[in-house]
Structures are given as structure tokens and as C-alpha cells.
Amino acid sequence: MSKLRLLFNSIAVHATMSPYKSPFDIKSASIDALALHLYTLDLARLEQAFSVRLAKRAGQLLHEPTLLDLATLEVNTSVDELLALRELTARFGLQAISIRHPDPSLADIAAAAGLGWMPPVIESTRLLAATAEAIPDAIATPAPEADIPATTGETAAVVAATEEEVSVSTEQPATVIEQHPIAAAETIVDKPALPTRHKTLIIDKPVRTGQQIYAKGGDLIVLATISGGAEVIADGNIHIYAPLRGRALAGAHGDMSARIFVHRFEPELISIAGFYRTFDTEPPVSLKGHSVQVYLDAERLVIAPLT
Amino acid sequence: MARIIVITSGKGGVGKTTTSASFAAGLALRGHKTVVIDFDVGLRNLDLIMGCERRVVYDIINVINNESSLNQSLIKDKHCDNLYILPASQTRDKDALTLEGVERVINELAKDFEYIVCDSPAGIEKGALTALYFADEAIVVTNPEVASVRDSDRILGLLASKSRRAIENLEPIREHLLVTRYAPERVEKGEMLSVNDVKEILRIPFIGVVPESQAVLQASNSGTPVIHVNGADASDAYKDVVARFLGEDRPHRFLDVQKVGLLKRLFGG
Ligand SMILES: Nc1ncnc2c1ncn2[C@@H]1O[C@H](COP(=O)(O)OP(=O)(O)OP(=O)(O)O)[C@@H](O)[C@H]1O
Ligand SMILES: [Mg+2]
């Protein structure tokens, strides 16, 4: 059973204990899930690729909620095929909860196989429902897992970042697993992905120690100092026209094209789409206090001075 | 309209109560009718520093619980005419200090007083939040060391988000940075942050420094706010702070190491 369903169950149980409350509530929820990009539906081939790349997971009861991304496939799939796929991924600890594909007519087939359906550009669907807002007290952010040693060059400090990212390749890659957030079920159901102007959150007051700002679904512009021990997060880009002394996390929901621009670079941590770097020791002299931009080049975090 | 001023810091033991006593006394010496409230329930020591601990009968919690009138609880200061003290309770539970209760007390005080000075407890919990909630101005007391500056930064965040002015979207609290226990010799040796370092990190208007001073401890022990110890460096410093608060332009002092003159060195001062 997926995390999402567990959550709904617990709400229902709670409700039956109170005779005055509605027996259920529907609430928007956001969960972290894996996205399994499949480049074939040849189950034998997939099984072989899984046993090579996901051997560690085989037979483990991990039940990780997983999105089956079939977006690149011309699918003519059947209920039986999806059921078999579910069963296969489950054996590797991946609990499929939904498929992702542009063709809405697959929704019925998926439903018959106990799976949800969502359109490919999940990011823009999220944005429809999302408004940028400041959340001063704790919200969930992707937690850094390991410190990455930095190598620094004359002009740009380049860091190789790691993530729990597995790409399964036979001749051409058969699957890619990425860390990916899935938006709430009901925000996705009946809203088609429309072009939308991403809302930008502008903060013109200092962000102090212990404070956190989150620009949900868009960019963040900060016009005053971000203190050590403060944190700014955006699903899009972050522009800071002041000193950054705390943490800045752009592309918080996985947008690898997000960037961070900083007028004065003295951070504790920077992150783009979960690729992060800490500055336990001070940033290199060539960067500290300078104007820089931070972006991902493939999976390397690049910090380059703005000249 | 009464002005409500909170003396706050986040970190404990940095000189909030010392500052509350001398700052309130300084306003009174300048002719302003002032009351200083101790918000440090359970740990009250403002009354000790003001030398009125033996005259405490009722405290702020009695007023909130309607067990005494405000007039019964206010203690008239023995050093100057325009100053009153509203003590904290030594024995009551902190939770008795409710926002509604405090609001009632402050509204009543506002009818009689020009300045209401609130001595905040340390921390960033309920007690400190209650003390800063109604403030119009805040004196952020900081020692020149990293942990204290960090905590002051945190308090500045709370002033900007958890105060009445922030919540009701009114004009923000006016913030003043006061660096206390400043020892220029130790700054020169690199053992303490300089005033410029602290200003650079916190970036709020600077109201002055109070030097590390023997006079403070002596004055506290004798129940006299140090501002009354004429000739003492800390007294001069607090008088400057009060003057600047009232809008006077006074040059900053006590920032540099005092050069001991040749004669003084030869003849031992
Ligand atoms: N300028 C100064 N020079 C020397 N000692 C000082 C100075 N200011 C304060 N102190 C001493 O520091 C100690 C703490 O001062 P005080 O009680 O005013 O701090 P506080 O911030 O109110 O503490 P708390 O957080 O416990 O309420 C006292 O012993 C006091 O005498
Ligand atoms: Mg105190």
C-alpha cells in the first residue's frame, strides 16, 4: 500500500471515532516518490535490467511509492500488462501508484490495474494549484544526505554531486529512476496542463536566523540579507540582491534547470534540485563575497562568478 | 501615546535587566514618566537591581488575575521621581502571564505613563514572545560574541513576524542595536567581535555600546541602576544611549582602547 493511501486511511479511522465529524476529509497531500522512466514494456528485458541495477532491492519490502513514467512510449498497453509491471516493480521494492503518460484514455486501463494516471508535465500541473507563499516555520525540504568534497578552479568551483539516481541501460537505457515529487491526487485529476505564468515571491525584509521562506511553484527574489541559520527555498530560481549567509535551495521539487543568483556569496549551503554543497569551510576566495550564479551542468553543481 | 519598549536579546545573561534598569531610570531622569515591567516570571531580579525587592507586595500576575489593583502593585522607585516598577512574580506559574492579561495591564499603564519598558526573559519561547508582543520599539542587547549575535538575529526575526505590529501589518517595530560588555582590548586581540562586525551581521540602527565595567556589578549589588553612579563609564554610556533614544546626536564613545597617558603610567593614576 502506498504512503498516500495510508494517509487517507488514517484520516478515515480518526473520523469514525468522532460522531460529530464528517466520516472523511479530502486533503491535498504531497509525497515524495520515485519516478521510474521506462523505455520499453518488454517485461523480460526490464526484469533483466532490474536484476542488474536494482539487485540490492530485490525481495526487500521497501514499498517505495513509485511513478511509472511511460511518457516516451507509444503505449498500447493492457490491464494485464500493467498488472504484470506492478508485480515486477514490487519485487524490487517499488510500489507503483500511478502511470504517467500524455494519453488520458490510458486512465481507465490504469485504474483497472489499480493505478492512477497523470499527464507528463507534472511540474506545470502543480503550478496551477500552487501559489507562492511564505512559510515562516518549518516545512519539509529535501535533506542533504552526504557531504560532497569540492574542487575549485580559478574562475569556477565545480562540484560533482551525487543523488540516488539509477539509470538502467542495456544497449539504450531501459529505465531511469529519479527522485521526484508527486503532487496531490486531486490537484492533478481534472486540471489539464496549461501554460501558466509562474508566480514570483518577493521578499524585501531580512530573512533572519531560524526563519524559512518558501516560494512554492515559482521563483524567489530576496532584496535583503539572508542570515546564517536562515533558509530560502524555491521551486524555481532564486535571486538574491544582498548577502547570502544562510542556505538557498532552488529547484526544490526537482527542476534541474533552476539557478541561484547571489549578489554577495557567503552561504552555508546551496542546492539545486537536491544537488547540494555545504560550505563548512569558507567558500574559495575567488568566490566569497562576490556575485555568483549557481547552476547544474548535467549533475555537477557549478558556481561561477558573475562578471 | 505611551511608547512601549522591549529590552530583548534571545541569549541569557547578556545585560537585559541591567539595561532595562538603567534605561528606564535614564528616561525618568530626563523627566519622562516611565514604568519598567519585569517579564521574567520565576526569575525576577529587576527588583533586586532596582533595590526594591523588599517592597514587593503584589506583582503583575496579581494584577492580571484581579487579585490586586495596578496601583497596589506598582512600586515607586527610590532613586528618581518619575519611575515605577511593576515586578514579576517569584512563585507563580509562567503561564499566568497571558497576552490578554498583559494587554489589559499595558493599556491601563499607557494612560499614565510616557514610556513602558519591558524587561524580557531570555530565550525565544512564550515568555520572550509575550514581552515583545506589544512593543513599539526594541532595544536588542547583544554581547560581542558569535552566539549572542546569532540569537539577536533570531529575535529580530521574531520582532518582524510574531509581534503585534507584524501580525496586524502595522508600521514595523523600531529596532536599536545595543552592544554591551564591550571590551576594546579583547576586540584588538581578536577575542571578541568588533562593533562593526556586529553591525554588519545584524544591520539595524546602532544605539551605542556599554563597556565591560566593574561598576555594573557593584551597582547591582547595592540595588542601584548603574546609570546613577556618576563618573562611571557604564553610567555615561547609558546616559548617551538614552539621549540618542530621545533623538539627540551624541558621538559614540568607549569603542577604542583607552590610551593610558604617560603621567598616569608614571604616577599610577
Ligand atoms: N556592562 C557590563 N559590564 C560588566 N558586567 C555586566 C555588564 N552588563 C551586565 N553585566 C553583568 O552580567 C550579568 C548578567 O546581566 P543581566 O542580569 O543584566 O543580564 P540579563 O540579560 O538580564 O540576564 P537573563 O537573561 O538571565 O535575564 C550580571 O552579573 C551583570 O552584572
Ligand atoms: Mg534579566
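All values derive from a computational prediction rather than experimental measurement.

Enquirer: Teacher, can you tell me more about the packing of aromatic side chains here?
Expert: For any pair of aromatic rings, the description rests on two quantities: the centre-to-centre distance and the angle between the ring planes. Applying the stated rule across the entire model yields six aromatic pairs over all chains. Ring centres of Phe265(A) and Phe279(A) lie 5.5 Å apart, and the angle between their planes is 90°; on these two criteria the pair is classed as edge-to-face. One end of the pair, Phe265(A), is in strand E15 (residues 260-265); the other, Phe279(A), is in the loop between strand E17 (275-278) and strand E18 (292-297), with 14 residues separating them in the sequence. The two residues Phe265(A) and Phe279(A) agree in class, both being buried. Centroid distance Tyr115(B) to Phe245(B): 6.0 Å. Interplanar angle 70°. Geometry classified as edge-to-face. Highlighted residues: Tyr115(B) in strand E5 (residues 115-119) and Phe245(B) in helix H12 (residues 233-245), separated in sequence by 130 residues. Residues Tyr115(B) and Phe245(B) agree in their burial class; the two are buried. By way of ring pairs, the aromatic residues Phe23(B), Tyr115(B) and Phe245(B) are connected into one cluster. In this structure, Arg259(A) is placed above the aromatic ring of Tyr295(A), and the distance from its NZ or CZ to the ring centre is 4.3 Å. It is Lys33(B) that lies over the ring of Phe113(B); its NZ or CZ is 4.9 Å from the centre.

Enquirer: Honestly, H12(B) in this entry has me stumped. Any pointers?
Expert: The periodicity of an α-helix, 3.6 residues per turn, causes residues three or four positions apart to be oriented the same way. Residue and element names in this part refer to chain B. Across its 13 residues, H12 extends 18 Å between first and last C-alpha, which sits within 8% of the 18 Å expected from 1.5 Å per residue. For H12, the tally of buried residues reaches 10 of 13 residues, placing the bulk of the element in the interior. Ala 234, Ser 235, Ala 237, Tyr 238, Asp 240, Val 241, Val 242, Ala 243, Arg 244 and Phe 245 are the residues of H12 that are buried. Gly 247 sits one or two residues past H12 and shows a positive phi near 105°.

Enquirer: Help me understand the confidence of the model for chain B in this model?
Expert: If pLDDT is low for a region, its predicted coordinates should not be looked at in detail. Here chain B averages 94 in pLDDT, while 96% of its residues score no lower than 70. Scoring of the predicted complex yields 0.67 for pTM and 0.82 for ipTM.

Enquirer: Please explain the interface of chain A and chain B as it appears in this structure.
Expert: Accessible area lost when the parts come together is the quantity often used to give the size of an interface. Each partner contributes to the interface: chain A provides 13 residues, whereas chain B provides 12 residues. Between chain A and chain B the total buried area reaches about 1000 Å² when both faces are included, carbon and sulfur atoms providing 37% of it. Along the contact surface separating chain A from chain B lie four salt bridges. Between Arg208(A) and Asp153(B) there is a salt bridge, with its nearest N and O atoms 2.9 Å apart.

Enquirer: Can you walk me through the sheet that holds strand E10 (residues 212-215) of chain A in this structure?
Expert: The pairing of strands in a sheet comes from backbone hydrogen bonds and takes either a parallel or an antiparallel form. Residue and element names in this part refer to chain A. With respect to topology, five strands assemble into an open sheet ordered E10-E12-E14-E16-E17, the strand pairing being mixed. Taken across any chain shown, the strands that pair with only one partner, and hence form the sheet edges, are E10 and E17. Averaged over all neighbouring strand pairs, the angle between strand axes comes to 5°, with direction disregarded. Where E10 lies against strand E12 (residues 231-234), four bridges are found, and the strand directions are parallel.

Enquirer: Please explain the pattern of salt bridges as it appears in this structure.
Expert: Pairing between side chains of opposite charge can happen when the charged atoms of each approach one another. Residue and element names in this part refer to chain B. The tally for this structure, following the rule as stated, stands at 27 salt bridges over all chains. Where Asp 81 meets Lys 76, a salt bridge forms, and the shortest distance between an N and an O atom there is 3.5 Å. For Asp 81, a relative accessible area of 59% puts it in the exposed group.

Enquirer: Any chance you could explain the site of ligand 1 here in plain terms?
Expert: Residue and element names in this part refer to chain B. Residues in contact with ligand 1 amount to 16 residues; listed here are only the nearest, Gly 13, Lys 16, Thr 17, Thr 18 and Ser 213. Residue Thr 18 places a side-chain N or O atom 2.5 Å away from an oxygen atom belonging to ligand 1. In isolation ligand 1 exposes 630 Å². Once the protein is present, 81% of that is buried. Secondary-structure elements contributing two or more residues to the shell around ligand 1 are helix H1 (16-29), strand E8 (206-211) and helix H11 (214-221). When residues in the shell around ligand 1 are grouped by element, the largest group, three residues, is from H1. Its residues assigned to classes, the shell around ligand 1 shows six nonpolar, six polar and four charged.

Enquirer: When you look at the pairing of strand E6 (residues 137-142) of chain B in this model, what are you seeing that I'm missing?
Expert: Both faces of the sheet carry side chains from a regular strand, because those side chains alternate between them. Residues and elements named next belong to chain B. Along E6, six of the six residues are buried, which leaves the element largely enclosed by surrounding structure. Side chains of E6 alternate between two faces, with Glu 137, Ile 139 and Val 141 and Ala 138, Val 140 and Thr 142 buried alike. As judged from the four bridges shared by strand E1 (residues 3-8) and E6, these two strands associate in the parallel manner. Bridge assignment links Val 6 to a residue of E6, and that residue is Ala 138.

Enquirer: Help me understand the packing of H1(B) against H12(B) in this model?
Expert: Geometrically, a packed helix pair is captured by the angle between its two axes and the distance between the axes. Residues and elements named next belong to chain B. Viewed as axis vectors pointing N to C, H1 and H12 meet at an angle of 60°, and their least axial separation amounts to 9 Å. In terms of axis orientation, H1 runs oblique to H12. In terms of crossing hand, the pair formed by H1 and H12 is right-handed. Contacts between H1 and H12 involve Thr 18, Thr 19, Ser 22, Phe 23, Gly 26 and Leu 27 from the former and Tyr 238, Val 241, Val 242 and Phe 245 from the latter. Of the residues that constitute the contact of H1 with H12, the class distribution is six nonpolar, four polar and no charged.

Enquirer: Looking at this structure, I do not really get the pairing of E1(B). What am I missing?
Expert: Residues and elements named next belong to chain B. Here E1 lies mainly inside the structure; five of its six residues are buried. Of the pairings in the sheet, the one linking E1 to E5 comprises five bridges and is parallel in character. Bridge pairing in E5 links Val 6 to Cys 118.

Enquirer: Can you help me understand unusual backbone geometry in this one?
Expert: Comment: phi is negative for the bulk of residues other than glycine, and the bulk of peptide bonds are trans. Residue and element names in this part refer to chain B. In the Ramachandran plot, Arg 203 falls in the positive-phi region, its phi being about 50° despite a non-glycine side chain. With respect to the helices and strands, Arg 203 occurs in the loop between helix H10 (195-202) and E8. For Phe 254, which is not glycine, the phi torsion reads 65° and is therefore positive. Along the chain, Phe 254 falls in the loop between H12 and helix H13 (262-267).

Definitions and limits used
- Residues numbered from 1 in each chain as written.
- Chains lettered and ligands numbered in written order.
- Predicted model: local features only at pLDDT ≥ 70, side-chain atom pairs only at ≥ 80, totals over all residues.
- Heavy atoms only, no water.
- Phe/Tyr/Trp six-rings, centres within 6.5 Å; stacked < 30°, edge-to-face > 60°.
- Helix = DSSP H or I, 4+ residues; strand = E, 2+ residues; numbered from the N terminus.
- Buried < 20%, exposed > 50% of the residue type's maximum accessible area, 1.4 Å probe, protein only.
- Lys NZ or Arg CZ within 6 Å of the ring centre and 35° of its normal.
- Expected span 1.5 Å × (residues − 1).
- pLDDT = per-residue confidence, 0-100.
- Contact = heavy atoms within 4.5 Å.
- Buried area = accessible area lost by both parts, 1.4 Å probe.
- Salt bridge = Lys/Arg side-chain N within 4 Å of Asp/Glu carboxyl O.
- Pairing = 2+ DSSP bridges.
- Axes fitted to C-alpha atoms, helices over the stretch in contact; angles between N-to-C directions.
- Near = heavy atom within 4 Å.
- Polar contact = N/O pair within 3.5 Å; in protein donor to acceptor, adjacent residues only side chain to side chain.
- Areas by Shrake-Rupley, 256 points an atom, 1.4 Å probe, with all protein chains shown as cover.
- Nonpolar A, V, L, I, M, F, W, Y, C, P; charged D, E, K, R; others polar.
- Parallel < 35°, antiparallel > 145°, perpendicular 65-115°, else oblique.
- Left-handed = near helix turned anticlockwise from the far one by under 90°.

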